[in-house]
Amino acid sequence: MARPALKTLATGPQEAKEEILQLCSSGRLKDALHHRFLGVIWSEAGLFAHLFRACRALPILRQLHAFAATSGATADRFTANHLLLAYADLGDLPTARNLFERIPKRNVMSWNILIGVYIKNGDLGTARKLFDEMPARNVATWNAMVAGLTDSRLNAESLEFFLAMRREGMRPDEFGLGSVLRCCSGLRDIVSGRQVHAYVVRSGLDRDMCVGSSLAHMYMRCGFLEEGETVLRALPSLNIVSCNTIIAGRAQNGDSEGALEYFCMIRGAGVAANAVTFVSAISSCSDLAALAQGQQVHAQAIKAGVDKVVPVMTSLVHMYSRCGCLCDSERVCFGYSGLDLVLCSAMISAYGFHGHGQKAVDLFKQMMSGGSEPNEVTFLALLYACSHSGLKDEGIDCFELMTKTYGLQPSVKHYTCIVDLLGRSGRLNEAEALILSMPVRPDGVIWKTLLSACKIQKNFDMAERIAERVIELEPHDSASYVLLSNIRATSSRWEDVSEVRKTMRKQNVRKEPGVSWVELKGQVHQFCTGDKSHSRQREIDECLDKMMAKIKQCGYAPDMSMVFHDMEDEEKEVSLAHHSEKLAIAFAFLSLPEGVPIRVMKNLRVCDDCHLAIKLMSKVTGREIVVRDVSRFHHFKDGKCSCGDYW
Ligand code: ZN
Ligand code: ZN
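The shown structure was predicted, so the numbers you read here are calculated from the model rather than taken from an experiment.

Chemist: Explain the environment of Leu 235 to me, please; I cannot follow it from the model alone.
Modeler: The topology assignment puts Leu 235 in the loop between α15 (225–233) and α16 (240–252). In this structure the C-alpha to C-alpha distance between Leu 235 and Gly 212, which are 23 residues apart in sequence, comes to 6.9 Å.

Shown next, in the form of structure tokens:
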């Protein structure tokens, strides 16, 4: 490969080293690799470690690795550990594992890095196995295990680890303590919580903002609100800024419930919330689809005088949309004088989420004529709206406008919308060609989008091919296995279906269980597929049986091919009838007054069978049913769904 020679001032190894590191830190790794002194100074301890750390892409790392190997640098343990870390960070688990096996005289750091990789990939079984195998452990090893188990919500195991760590005389740091307190919160275990509190005080970490707030939250979760507030008030750095960091941290870690609880607690401790706090709190309500709580927080924002602050309004638009109340989103958005770009983009995305593509297009045009400069976010919202409403031409036009007129660079998400649109039109080959030719790296989502299009268009040969790609990219994501097994089931290839299951078992992939929930008088009722634990279970079953009988008269027949959607449960019709969304709808029928629309949220995609059943339920009962699944809203009315049966 011919490259122009790099201008270098170095006359000896010392200057050369500095130059090379400079090149690395400014991202010019290739130039660093071609530095004429590199060969002379490779043995300089730490140089390769720096180079590895600066690596941002696997191909470059592989080049660097090859170079380090030929120059003998990888024989050094320190260098080898850093190489391992670099592969781990870039997500190449097989190579990392391979390297680990070959590291000369592995030390604790080598083991810790590998354990960290498995924890990050959610494979706690292997992490645990390595933990047991390793000859010596340090405090970082223990903290990593405690944090990993807590993040996977294996609270009891995590607590056990923490206690074992104490028995071994290890001193947990603030991260370990934060994790173990989160476990106690999760387990509502006040006894262990108080023990940890005592340890926190002994180790002098009770004034640490992070530990202190986890401690306060633990008390609150266990029902000791006042003690929680006392702990909070004692923190020297308690102010709205530090509280906001904690609330945002909780929310970003997926603990929306914790974020909201903390939001309530700081108010009790006398800290006045500001706009940033409200944005986090409202977003947490969106994630939980907790409408009643969202309305309360909205009322508090009005009292605090921040309800006309654009970011707060934007999060309100989003929250109401997520909770199925599009009208309230509109009220918030159009209650603002003028057309703010961010606010309107949120509204466009809300229209998209509810399948009102035309309204999204209209609002976009209004913004344009008002002189707004749309950005990538606006276009993404609009493309998404077009793709979810099947507005094929508008979507393609919008993409052209974005790339040609505005010269904006589309991301993989923009391309995903176009692939979805092409898929709807049955232009599967074009969609595949687009993915292969786009200048950004395809991710699992875009391939999965094409995969569902193949399924809907019944192009099973192509589906097989695409599924293989998806599984290669995301070997631990259950969704693609489920899609593939559904596709094979549709053509009655049962042998091949069980093949998929075997692979899943071998790869240790578990299907995420289906969960649906309904809010009733501010309380959330949760239903799992096949669940029999609700206090009104008998009534729910009766109601569901009656409804199923009614829709069967309208021509409903259970779609047996979808039984394998629920791969662990093979009780055919019975298992289908007890999908979580059906249970939740039956409960809502029993509990809500006549005429009130039913709103159900679900953590996965609605399956084909439930979709058909719910359409018919809306017809025979004359009731409006709104189901929010993982990717969109379905408005069922008079036997039809707003998604037009494409989802
Ligand atoms: Zn279902
Ligand atoms: Zn639908």
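Chemist: Any chance you could explain the side chain of Thr 150 here in plain terms?
Modeler: Within the secondary structure, Thr 150 sits in helix α10 (residues 139–151). The class for Thr 150 is buried, based on a relative accessible area of 6%. In terms of polar contacts, Thr 150 uses its side chain to reach the backbone carbonyl oxygen of Val 146, at 2.7 Å.

Chemist: What is the right way to look at helix α14 (residues 209–221) in this model?
Modeler: Every α-helix carries 3.6 residues per turn, so stepping three or four residues along brings you back to the same face. The first and last C-alpha atoms of α14 sit 18 Å apart over 13 residues, in line with the 18 Å expected at 1.5 Å per residue. The buried count for α14 comes to eleven of 13 residues, which makes it a mostly enclosed element. Among the residues of α14, those classed as buried are Met 209, Val 211, Gly 212, Ser 213, Ser 214, Leu 215, Ala 216, His 217, Met 218, Tyr 219 and Arg 221. Against α12 (174–187), α13 (190–202), α15, α16 and α17 (256–268) lie the buried residues of α14. For α14, the side-chain oxygen to backbone nitrogen distance between the N-cap and Cys 210 is 2.9 Å, and the N-cap itself is Asp 208. Gly 223, located one to two residues past α14, shows a positive phi value of around 95°.

Chemist: Would you mind showing me how to read the coordination of the zinc ion (ligand 2) here?
Modeler: In an ideal octahedron of six donors the angles at the metal are 90 or 180 degrees, and in an ideal tetrahedron of four donors they are 109.5 degrees. The protein atoms that coordinate the zinc ion (ligand 2) are His 611 (NE2), His 634 (ND1), Cys 641 (SG) and Cys 643 (SG), at distances spanning 2.0 to 2.3 Å. Note that the zinc ion (ligand 2) binds four donor atoms; their angles at the metal cover 103 to 114°, and the shape is tetrahedral. Mapped onto the polypeptide sequence, the residues donating to the zinc ion (ligand 2) form the spacing pattern H-x22-H-x6-C-x1-C. Placement of the pair is His 611 in helix α35 (residues 608–621) and Cys 643 in the segment after β6 (640–641), with a sequence separation of 32 residues. Each member of the pair, His 611 as well as Cys 643, is classed as buried.

Chemist: Where do I start with the coordination of the zinc ion (ligand 1) in this structure?
Modeler: Distances from the zinc ion (ligand 1) to its protein donors, His 579 (ND1), Cys 607 (SG) and Cys 610 (SG), fall at 1.9 to 2.4 Å. When the donor residues of the zinc ion (ligand 1) are listed from N- to C-terminus, their spacing reads H-x27-C-x2-C. You can see His 579 sitting in the loop between α33 (572–577) and α34 (580–591) and its partner Cys 610 sitting in helix α35, a full 31 residues away along the chain. Just as His 579 is buried, Cys 610 falls in that class too.

Chemist: Looking at this structure, I do not really get α12. What am I missing?
Modeler: For α12, spanning 14 residues, the distance from its first C-alpha to its last is 20 Å, which sits close to the expected 20 Å at 1.5 Å a residue. Looking only at α12, the buried set comprises Gly 176, Leu 177, Gly 178, Ser 179, Val 180, Leu 181, Cys 183, Cys 184 and Ser 185. Where α12 begins, one side-chain oxygen reaches toward the backbone nitrogen of Phe 175, 3.2 Å away; that side chain belongs to Asp 173. At the exit of α12 stands Arg 188, carrying a positive phi of roughly 55°.

Chemist: Help me understand the confidence of the model for the chain in this model?
Modeler: The predicted coordinates should not be examined in detail at positions where pLDDT is low. Predicted confidence across the chain gives a mean pLDDT of 84, with 94% of residues reaching 70 or more. Taken together, the stretch residues 563–572 has pLDDT below 50 and engages in 28 contacts with residues farther than four places along the chain or on a different chain.

Chemist: Whenever I open this one, the sheet that holds strand β5 (residues 633–637) confuses me. Can you help?
Modeler: By definition, the strands of a sheet pair up through backbone hydrogen bonds, in either a parallel or an antiparallel sense. What the six strands build is an open sheet, ordered β2-β1-β3-β4-β5-β6; its pairing is mixed. Of all the strands in the sheet, just β2 (523–528) and β6 have a single pairing partner and so form its edges. Two strands pair when backbone bridges link them, and β5 and β6 are joined in this way by two bridges, in the antiparallel orientation. In the sheet register, Lys 637 faces β6, and the bridge partner there is Lys 640.

Scoring rules and cut-offs
- Residues numbered from 1 in each chain as written.
- Chains lettered and ligands numbered in written order.
- Predicted model: local features only at pLDDT ≥ 70, side-chain atom pairs only at ≥ 80, totals over all residues.
- Heavy atoms only, no water.
- Helix = DSSP H or I, 4+ residues; strand = E, 2+ residues; numbered from the N terminus.
- Buried < 20%, exposed > 50% of the residue type's maximum accessible area, 1.4 Å probe, protein only.
- Polar contact = N/O pair within 3.5 Å; in protein donor to acceptor, adjacent residues only side chain to side chain.
- Expected span 1.5 Å × (residues − 1).
- Contact = heavy atoms within 4.5 Å.
- Donors = N, O, S within 2.8 Å, 3.2 Å for Na, K, Ca; no water.
- Tetrahedral: all angles 85-135°; square planar, octahedral: opposite > 155°, others 65-115°.
- pLDDT = per-residue confidence, 0-100.
- Pairing = 2+ DSSP bridges.

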